[in-house]
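# Notes for the structure review
Spelled out from the first residue to the last, the chains are:
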Amino acid sequence: MERPHRLRPGLLTGGIASLPLLITAVVLLWRPWVPVLDMVMTELRLRDVAGRHTPLVGLPGRIGTFPDQGSHPGPASFYLLAPFYWLSGSRAWGMQLGSVVINTAAVVGVAMMGARRFGHVGAVMTALLMAVAVRGYGLDVLTHPWNPYFPLLIWAAVLIATWLVLIGEEWLLLVVVVGGSIAAQTHVPYLSLAIALNVLGFGALLWQLVTERRYGEAGPVRPLQWAFGIGVALWTPPLYEQLTRDDGNVSKLVRHFATDQPDEAIGLGSAFRLVSQHFDLVSIAVDLVGRDDAFVHRADQSGSTSAVGVIVLATWLVAIGYAVHRRERELVALHAVAALSIVVGWFSISRIFGKVWFYLSLWMSTSVLLVCVALAWTGWLLLSPRSEVALARIRLRVLGFAVLAVSFLSGLAIIDHEVPEVGLSEDVRVVMPDVAEALTSGIGSAPGRDGRYLVVWEESVIPGSQGFALLNELERRGFDVGVDERWRVPATPHRVLGPGEADAEVHLATGAWIDEWRARPGFVEIVEYDDRSAAERARFATLERRVIDRLEQLGRDDLRPFIDRNLFAASLDPDLPQDVIDDLSEMLLLGEPVAVFVAPAGTSL
């Protein structure tokens, strides 16, 4: 049993490093948020936890083919967030609260692990590492429970725990198993990484067990037993889903990654270019001062090789050789964990199909932070003949001040902090009172609050984002709503309404779709809303004309319909020049008007 006073420095320093997160959670309580798209899918599943439809797999992903796409491996994030969601009174803010509390636990946990092994120095050093992680990922990311963001700081705890397992902290294998399982279930890019670190952790303890048994000692039997048992329990839901479905999610994942895809994988060369960008410590240092999302920005730089990144990688390889030569066991173990995560991550990135979205490699920045710690440690060894002497020279006050300074810098971002997808969210929030009142009063074909409504959408900006939000907000207000069969995976199968099951339909339309919906027989308009100023509408029109002209110059008339009907799809065309993509991106941010209609049942099915 660890003495509480030994862990106290970790609790204190970790608390300081996570303070910006906690303050932000309080601030967000007074900033209304209507979730859209993926966050709607998350909230729908949180409502299902502990009921007949408790989720057994994760969020739908770019896995397989719509409408039968696969999902991320498991439901662990839903189970973790659910208590905070219930505590909040089933408000959307509960998801943000849960994300903040779990990330705070990860920050404090890492600092306490550092204190457990290395005392005050370990507490302050690991707290500084986590404070930099909070600053680098930013409050927008770490308070947003989107599945690519949710495991980021949990993953840092997994890396640190794996390292400490290798140097004798046997019970921390439980952290490796639990944290690795949460990360892998929540976002599939972590799956190969989690497997690799679990193999390393279990392998180290099994080797220790065999070695100690030779000398008549018991060895780390209990940590291994507990870790294995907890791992089996955590993976029971997705395995149960696989065994009880005709085409389970595990089968879909294997089929997706083991067979050819319409888009080619980017390959090891392109993956190395992205890895080198993550190792560009000069650019990262500048961004950490000037940006609130330094690591996000770095993950979006996939076009070229960073010379600085290559130099840092080469320096790190030299540092590994030096640590091995010096036989510094603890440092070698740190290098080993960092190297394993980066090499496996490199191969994982090489298997990305199609567009290299920034969120697919965000976790790499955590591994780079581990490398930075290893490089700093190596530097101390070079300055002193013995590591003990070098560590004794570290001025804790200076390091403690660094934790405070980095946390203060993170905290400044609270001033301008907004809810996720604020433009899309605000549109739906504003129209919801009118929609709820109209349906309750029985406008048009609406049968009132006791009716069953099919929710349908056609969106010109990001298809499905505000439509799913409308579905979610109606369900939040107690309306009996559902979707058609196409959306059975993202909206969950039990929310599907077949032909003849709905009493009326609620349609959301945006942009050019609005006039088409107005002209349809039987459609009654409930509300239209456009939050853009006159200047913003004029700017949108200017950008639209410019994009259309450029498409004509490029001979891309095939994309012309998408400008009116699906801006997001147009912006994803890989052959468009950067100036057109930039204009489309600005149009996406400006948005378009939204309108909601009620229509007779059977209009869509």
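Residues numbered from 1 in each chain as written. Predicted model: local features only at pLDDT ≥ 70, side-chain atom pairs only at ≥ 80, totals over all residues. Heavy atoms only, no water.

## Details of the nonpolar core
Heads up, the condition is: Residues belong to a common nonpolar core when they are buried Ala, Val, Leu, Ile, Met, Phe, Trp, Tyr or Cys residues joined through side-chain atoms within 4.5 Å. The buried label applies to any residue whose accessible area, calculated with a 1.4 Å probe on protein chains only, is under 20% of its type's maximum; exposed applies above 50%, and partly exposed to all values in between. Helix and strand assignments follow DSSP, with helices taken as H or I runs no shorter than four residues and strands as E runs no shorter than two, numbered in order from the N terminus. Residues are treated as being in contact if the distance between any of their heavy atoms lies within 4.5 Å.
Formed by 172 residues in total, the largest nonpolar core has its most connected members in Leu-153, Trp-155 and Leu-439. Per-element accounting of this core gives the leading share, 20 residues, to helix α4 (residues 93-137). Contact partners of Trp-155, with chain neighbours within four places excluded, come to Gly-180, Ala-183, Tyr-190, Leu-193, Ala-194, Leu-197, Trp-363, Thr-366 and Ser-367. Grouped together as the second largest cluster of nonpolar side chains are eight residues, Ala-509, Trp-517, Phe-597 and Ala-599 included.

## Comments concerning the side chain of Asn-472
If you trace the backbone, Asn-472 turns up in helix α21 (residues 465-476). Apart from residues lying up to four places away in sequence, Asn-472 is in contact with Pro-35, Val-40, Glu-43, Leu-44 and Arg-47.

## Some thoughts on the packing of aromatic side chains
Note the threshold: Between rings of Phe, Tyr and Trp, where Trp is taken as its six-membered ring, a pair exists when centres lie within 6.5 Å; planes separated by under 30 degrees are stacked, by over 60 edge-to-face, and by other angles tilted.
Per the stated rule, a full pass over the model turns up 21 aromatic pairs. Between Phe-468 and Trp-487, the aromatic rings sit 5.7 Å apart at their centres with planes inclined by 85°, giving edge-to-face as the arrangement. Here Phe-468, found in helix α21, pairs with Trp-487, found in the loop between β2 (480-482) and β3 (504-510); they are 19 residues apart in sequence, far enough to count as distant. By relative accessible area, which is 1% here, Phe-468 ends up buried.

## Observations regarding unusual backbone geometry
Each neighbour pair has its own omega, and for Phe-66 with Pro-67 the value is 10°, a cis peptide bond. Along the polypeptide, Pro-67 turns up in the loop between α2 (38-48) and α3 (76-87). One non-glycine residue, Glu-421, adopts positive backbone phi at about 50°. Under the relative-accessibility criterion, Glu-421 is labelled partly exposed at 48%. Positive phi is not limited to glycine here, since Thr-492 has a value of about 80°.

## Some points on the pattern of salt bridges
Put simply, the rule is: By definition, a salt bridge exists where a carboxyl oxygen of Asp or Glu is found within 4 Å of a side-chain nitrogen of Lys or Arg.
Per the stated rule, a full pass over the model turns up 33 salt bridges. Residue Arg-47 is joined to Glu-43 by a salt bridge in which the shortest nitrogen-to-oxygen separation is 3.5 Å. Placement of the pair is Arg-47 and Glu-43 together in helix α2, with a separation of four residues, close to one helical turn. Under the relative-accessibility criterion, Arg-47 is labelled partly exposed at 25%. For Glu-43, a relative accessible area of 0% gives the class buried. Sharing partners across several salt bridges, the network here consists of Glu-43, Arg-47, Asp-48, Glu-473, Glu-475, Arg-476, Arg-477 and Arg-495.

## Concerning the side chain of Gln-185
Secondary-structure assignment places Gln-185 in helix α7 (residues 173-186). Judged by relative accessible area, which is 1%, Gln-185 ranks as buried.

## Section: the packing of helix α23 (residues 534-554) against helix α26 (residues 578-590)
The following threshold applies: Orientation is described by axes fitted as lines to C-alpha atoms, over the contacting stretch for helices, and by angles from 0 to 180 degrees between their N-to-C directions. Every angle not falling under 35 degrees, over 145, or within 65 to 115 is termed oblique; those three ranges are roughly parallel, roughly antiparallel and roughly perpendicular. Here a crossing is taken to be left-handed if its near helix is turned anticlockwise relative to the far helix by less than a right angle, and right-handed if that turn runs clockwise. For this classification, the nonpolar set comprises Ala, Val, Leu, Ile, Met, Phe, Trp, Tyr, Cys and Pro, the charged set comprises Asp, Glu, Lys and Arg, and every other residue, Gly included, is treated as polar.
Put simply, α23 and α26 touch, their axes get as near as 10 Å, and they point 150° apart. The orientation of α23 with respect to α26, classified from their angle, is roughly antiparallel. For α23 against α26, the interelement crossing comes out left-handed. Facing α23, whose interface residues are Glu-536, Arg-539, Phe-540, Leu-543, Glu-544, Arg-546, Val-547, Arg-550 and Leu-554, α26 presents Asp-579, Val-580, Asp-583, Leu-584, Glu-586, Met-587 and Leu-590. The class makeup of the residues in the contact of α23 with α26 is eight nonpolar, no polar and eight charged.

## With respect to α4
Rule in force here: Helices are assigned an expected span. That span is 1.5 Å times one less than the residue count. Here the bend at a residue means the angle between the axes of two seven-residue stretches, the one that ends at it and the one that starts at it.
In a regular helix each residue adds 1.5 Å, so 45 residues correspond to 66 Å; α4 covers only 20 Å between its end C-alpha atoms and thus falls short of that length. A maximum bend of about 155° is found in α4 at Phe-118. Taking burial as the measure, the 45 residues of α4 include 35 buried ones, the bulk of the element. Positive phi shows up at Gly-138, right after α4, with a value of about 90°.

## Looking at the layout of surface pockets
We apply this condition: A pocket, in this scheme, is an open set of points on a 1 Å grid over the protein atoms alone with protein on both sides within 12 Å along at least 5 of 7 lines, while a cavity is a set where a 1.4 Å probe fits but cannot get out; residues line either one if an atom lies within 4 Å of a point. Grid points are joined across faces, edges and corners, and a volume is the space filled by probe spheres set on the points.
Its boundaries defined by the atoms lining it, the second largest pocket holds a volume of some 610 Å³. Lining the second largest pocket are 22 residues, and of these Val-57, Glu-241, Arg-245, Thr-492 and Pro-493 sit closest to its centre. If you list the elements that add at least two residues to the lining of the second largest pocket, you get α2 and α11 (249-258). Within the lining of the second largest pocket, the residues separate by chemical class into five nonpolar, eight polar and nine charged.

## Examining the sheet that holds β3
Let me state the cut-off plainly: By this definition, two strands are paired if DSSP reports at least two bridges between them.
The strand order across the open sheet built from five strands is β2-β1-β3-β5-β4, with neighbouring strands paired in mixed fashion. Two strands in the sheet have a free side with no partner beyond their single neighbour: β2 and β4 (524-529). Across the sheet, the axes of successive neighbouring strands diverge by a mean angle of 25°, strand direction being ignored. In this sheet, strand β5 (residues 594-600) lies alongside β3 in antiparallel orientation, the contact comprising seven bridges. Across the sheet, residue Thr-510 finds its bridge partner in β5, namely Val-594. Across the face of the sheet, helix α20 (residues 422-441) comes into contact with β1 (452-458), β3, β4 and β5 while running at roughly 155° to β4. Against the sheet, α21 touches β1, β2, β3 and β5, its axis set at about 160° to β1.

## Let's talk about empty space enclosed by the protein
Evaluated as defined, the whole model comprises one cavity of 30 Å³ or more. There is about 30 Å³ of room inside the largest cavity. The wall of the largest cavity is formed by Thr-42, Ser-77, Phe-78, Leu-81, Pro-145, Asn-147, Phe-150 and Thr-186. Top contributing element to the lining of the largest cavity by residue count: α3, with three residues. Class assignment for the residues of the lining of the largest cavity results in four nonpolar, four polar and no charged.

## What to know about a nonpolar patch on the surface
Heads up, the condition is: Only residues whose relative accessible area exceeds 30% and that form no salt bridge are eligible for patches; like-charged ones are grouped when within 9 Å, while nonpolar side chains (Val, Leu, Ile, Met, Phe, Trp, Tyr) are grouped when within 5 Å. Residue burial considers only the protein chains on display, and all accessible areas are found by Shrake-Rupley using a 1.4 Å probe.
Where nonpolar side chains cluster on the molecular surface, the patch consists of Leu-19, Leu-22 and Ile-23 and spans about 240 Å² of accessible area. With respect to the helices and strands, Leu-19 occurs in helix α1 (residues 4-28).

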